[in-house]
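Residues per chain, in single letters:
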There are 2 protein chains.
Amino acid sequence: MSQEAVNGVPSRGKVLTMDNMNPNLKRIEYAVRGVLVQRAMQIEKELNEGVKKPFKEVIKANIGDAHAMGQKPITFFRQVLALCMYPELLDDNMFPEDAKKRARRILKACGGQSIGAYSASQGIECIRQDVAHYIERRDGGIPSNPDNIYLSTGASDAIVTMLKLLVCGEGRDRTGVMISIPQYPLYSATLAELGAVQISYYLDEENCWSLDVKELRRALNAARQHCNPRVLCIINPGNPTGQVQSRQCIEDVIRFAKEEHLFLMADEVYQDNVYAEGCKFHSFKKVLFEMGPEYSSTMEMASFHSTSKCYMGECGFRGGYMEVINLDPEVKFQLTKLVSVRLCPPVPGQALLDLVVNPPQPSEPSYATFMKERTAVLAALAEKARLTEETFNTVPGITCNPVQGAMYTFPRITLPQKAIDKAKEEGQVPDMYYCIRLLEEEGICLVPGSGFGQRKGTFHFRMTILPPTEKLKVVLQKIRDFHLRFTQEFS
Amino acid sequence: MSQEAVNGVPSRGKVLTMDNMNPNLKRIEYAVRGVLVQRAMQIEKELNEGVKKPFKEVIKANIGDAHAMGQKPITFFRQVLALCMYPELLDDNMFPEDAKKRARRILKACGGQSIGAYSASQGIECIRQDVAHYIERRDGGIPSNPDNIYLSTGASDAIVTMLKLLVCGEGRDRTGVMISIPQYPLYSATLAELGAVQISYYLDEENCWSLDVKELRRALNAARQHCNPRVLCIINPGNPTGQVQSRQCIEDVIRFAKEEHLFLMADEVYQDNVYAEGCKFHSFKKVLFEMGPEYSSTMEMASFHSTSKCYMGECGFRGGYMEVINLDPEVKFQLTKLVSVRLCPPVPGQALLDLVVNPPQPSEPSYATFMKERTAVLAALAEKARLTEETFNTVPGITCNPVQGAMYTFPRITLPQKAIDKAKEEGQVPDMYYCIRLLEEEGICLVPGSGFGQRKGTFHFRMTILPPTEKLKVVLQKIRDFHLRFTQEFS
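As the structure is a computational prediction, the values presented were derived from the model and not from experiment.

Caption draft 1: A look at the side chain of A:N358. Residue and element names in this part refer to chain A. Mapped onto the elements of the fold, N358 is located in the loop between α13 (347-357) and α14 (367-392). Residue classification places N358 among the buried residues on the basis of a relative accessible area of 18%. Contact partners of N358, with chain neighbours within four places excluded, come to R102, R105 and D130.

This is how it looks when you write it as structure tokens:
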């Protein structure tokens, strides 16, 4: 830790070093935005500077970022937001009346009628009411209480907040949190940061990434040896695996959570992203309430939603909410106190969320355009989900489950032993080596399966299906060509 | 923890209770949005429902929320934001060319030219460049590197992130963080959450809340007995105390931090809010660099800024940034990884920040209006700062330091012993009792000094000077009347 002497006086070196920084943070991994993405950005710069590459552009299929992939915002949402930003536009004739009505209502709920005022820490009250109504409509009339809604800075923020509340104990009493493998790495990163114990349960790749309660039980029993399992996290529709859980499966999970006295966290940010025939989104809350008062009156649950996914894909706004069910009132008071320290979620994101949960109605002038835009996005995603699965399954050495929902495919790749050895030589995990080669040779940025977790000895990558259809075809073709070449090279 | 039996089967009670939630969170206090504010909101509802009160409206002077107090947004900022939200407006003639130019530049830097795309986790690159240029102009040309700029979700987010990195060790090795008393309770709340040790140093009320290095040293030496002091936090201009530090004081503090091997955190979110004659804002970075390479090439520092304060007061957008200086490169890599888990700061807040650091220039069409609006806000604040100090100092039992800067006054109130006894009877700290009575009787919501910390046996409150001048006069008169009545009642 010693540094060069300045003017002959030995320096004590840095105050903050790798040796004395928060050790939990060092354990964090977040592959979705890891070294590969940094290299992709560097290559983009090199291309701009005229450096010759075997490709003309980098296609970043590593992240579910719809607008970056060319998806257009929903017109109505942006009209209302523009009106909220600059209310002078309310006098302009270029905006439809329903957009103006929504903007006036949002502004009226803001301090000083400005979207620049802080809101209540839990979120603007009338927006929480709209969220509650949205949940009630979605869940066939099962009641939702606005007091149980917490608006947030994207779903990530709410998920971290909830996990934070749940973590306590030391050693064998430390809180254990069950997460799926493959998982979305926000979960593993947050557990590392909080020093909680990650309990991995594996999704069944042979059965379309379905969740088997036997596997949950296996994971739980193993974990009981060394921690205190208290939380079960579910992502449905799945990220990175794209499965949509059946109603039966959700019932089984809820029953398991009740038996084992677990707090349920249901990450449902892809609730509109269901493509496969015969698949349907069932909210955990709806199923819970349909299972009767024995469940609905006792089981503690938080469910999460976001403005970043579905048909709107407004990631930049960091809008989201969680609904908490059956939370102990004193704990709820602590939760409210906790979120108040950060003052409030971004108000533009709250306003956007309000539009998502309260979109144009059939009687309103913007309805037709809204429905057209929404339907077009979801139809295109369904088509791309199908195309992706079909194309990958024509490639020897790639096996791909149906993309039933969400925005990603997580195909399995068979790597020749020589490639695995070569990766080891280079000090890399094999699927990272594969993805680096793909990036350098074809300009396509994916995330290696190891960033999400996978069964030992298997290899995958995550790719978003968001590129426009024509570009997606190019991507799939390039991956196909690369995969054949790569396999050839090492066999 | 046991609950009523359901169907004869004894229930195990809640999974998450006060007994097994994260114990650090229970220790958090955040008075700025505490019970008093919740009561104020309740009273507002009661007024709306027609309940008779001795006042017609609740005036919330508890928080620095400019727009909620009627301050109008800066026209140029909102025009550019509306254009970014709904780029179809770029074809409209109602917007000035410089606003369109800014919007085009921001959109060009966004993925898919949409403000709805994720940005880089550290923030949009061209905005970080603009921030760096702003800092260079502010600091008389001292270089700023965009790679050292991290955009954030308000300043709070960046402050928490930096503290998170700095916390490690157990028992007597646990990281100690020096914060002023009175302080802004984000600091104490974050230290409680992270389980870090709070080291309190007292500001000198008799000397206009100035900071004395002797007091820093006293606090540090006392703390060395039970923790590992590593960080010194400064708020300048001060919150809640409104002092503006002299250049000499800043030099002394920097010298102290170097001698004692402390990481400096400079919270400078009120950097435009300086009112008192003879006072000037000096950034810690500028002073650090002017002290020569012995300081500027070794001392580690982070400084923080926000879109929520100054003349713009855009709290709802949650925009902000931090600049890190001399951070160990490996630690910086860890910082970048850490922020990537939360994807990115809200992009509308980033866009707004870009306008704040790169406002209209003299050659541009919006310059005159921008300067007029900016100057009017700051001039009104200066007038209100003066008015507040003068009025309070005419009240027997209230002593008020000059409001040299920021947005608050923190006057000292003398409470009769009988009032103190009465408060104890009611189970309240005396200044909380005072503030509750004021709220119930006059409809004015302040924050008791105990929420910020104060020397034992002294009592204060924090009040923002943000209400419009005429309303502020009413507030001051009401507090005066209340204080005299309250003192009378208990003498």
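Read on for the rest.
Caption draft 2: Seen up close, empty space enclosed by the protein. Counted by the stated rule, this structure contains seven cavities of 30 Å³ or more. What the largest cavity holds in volume is close to 830 Å³. Put simply, the parts of the chain that give the lining of the largest cavity at least two residues each are β2 (149-153), α6 (154-166), α7 (186-194) and α12 (329-341) of chain A together with β2 (149-153), α6 (154-166), α7 (186-194) and α12 (329-340) of chain B. Looking at the lining of the largest cavity, its residues break down into 25 nonpolar, ten polar and ten charged.

Caption draft 3: Structural context of the packing of aromatic side chains. All chains considered together, the criterion is met by 32 aromatic pairs over all chains. Between A:F77 and A:F370, the ring centres sit 5.9 Å apart and the planes meet at 40°, which makes this aromatic pair tilted. Highlighted residues: A:F77 in helix α3 (residues 75-85) and A:F370 in helix α14, separated in sequence by 293 residues. Each member of the pair A:F77 and A:F370 is classed as buried. Ring centres of B:Y30 and B:Y184 lie 6.1 Å apart, and the angle between their planes is 85°; on these two criteria the pair is classed as edge-to-face. With a gap of 154 residues between them, B:Y30 in the loop between α1 (23-26) and α2 (35-48) and B:Y184 in the loop between β3 (175-181) and α7 connect regions that are remote in the sequence. The burial state of B:Y30 is the same as that of B:Y184; both residues are buried. Within the aromatic cluster, the residues linked to one another by ring pairs are A:F392, A:Y433, A:Y434, A:F461, A:F482, A:F486 and A:F490. We note A:K258 situated over the ring of A:Y295; from NZ or CZ to the ring centre the distance is 5.7 Å. Seen from the ring of B:Y408, B:R462 lies directly overhead, with NZ or CZ sitting 3.9 Å from the centre.

Caption draft 4: Representation of the nonpolar core in the model. By size, the foremost hydrophobic cluster in this structure holds 352 residues, and its most contacted members are A:M162, A:L232, A:I479, B:M162, B:L232 and B:I479. Apart from residues lying up to four places away in sequence, B:L232 is in contact with B:M178, B:Y201, B:L216, B:V253, B:F256, B:A257, B:L262, B:F263, B:L264 and B:M265.

Caption draft 5: Up close: the sheet that holds strand β13 (residues 447-448) of chain B. Pairing is antiparallel across the open sheet formed by three strands, whose spatial order is β10-β14-β13 (chain B). Looking at strand neighbours, the two that pair on one side only are β10 (408-409) and β13 of chain B, the edges of this open sheet.

Caption draft 6: Up close: helix α4 (residues 97-108) of chain B. All names here are of chain B. Over its twelve residues, α4 extends 16 Å from the first C-alpha to the last, a length consistent with the 16 Å expected when each residue adds 1.5 Å. The set of residues buried in α4 consists of D98, A99, K100, R102, A103, I106 and L107. At its buried positions, α4 is contacted by α3 (75-85), α13 (347-357) and α14 (367-392).

Thresholds applied
Residues numbered from 1 in each chain as written. Chains lettered and ligands numbered in written order. Predicted model: local features only at pLDDT ≥ 70, side-chain atom pairs only at ≥ 80, totals over all residues. Heavy atoms only, no water. Helix = DSSP H or I, 4+ residues; strand = E, 2+ residues; numbered from the N terminus. Buried < 20%, exposed > 50% of the residue type's maximum accessible area, 1.4 Å probe, protein only. Contact = heavy atoms within 4.5 Å. 1 Å grid on protein atoms, 1.4 Å probe; cavity = no way out; pocket = protein on both sides within 12 Å on 5 of 7 lines; lining within 4 Å. Points joined across faces, edges and corners; volume = space filled by probe spheres on them. Nonpolar A, V, L, I, M, F, W, Y, C, P; charged D, E, K, R; others polar. Phe/Tyr/Trp six-rings, centres within 6.5 Å; stacked < 30°, edge-to-face > 60°. Lys NZ or Arg CZ within 6 Å of the ring centre and 35° of its normal. Core = buried A, V, L, I, M, F, W, Y, C linked by side-chain atoms within 4.5 Å. Pairing = 2+ DSSP bridges. Expected span 1.5 Å × (residues − 1).

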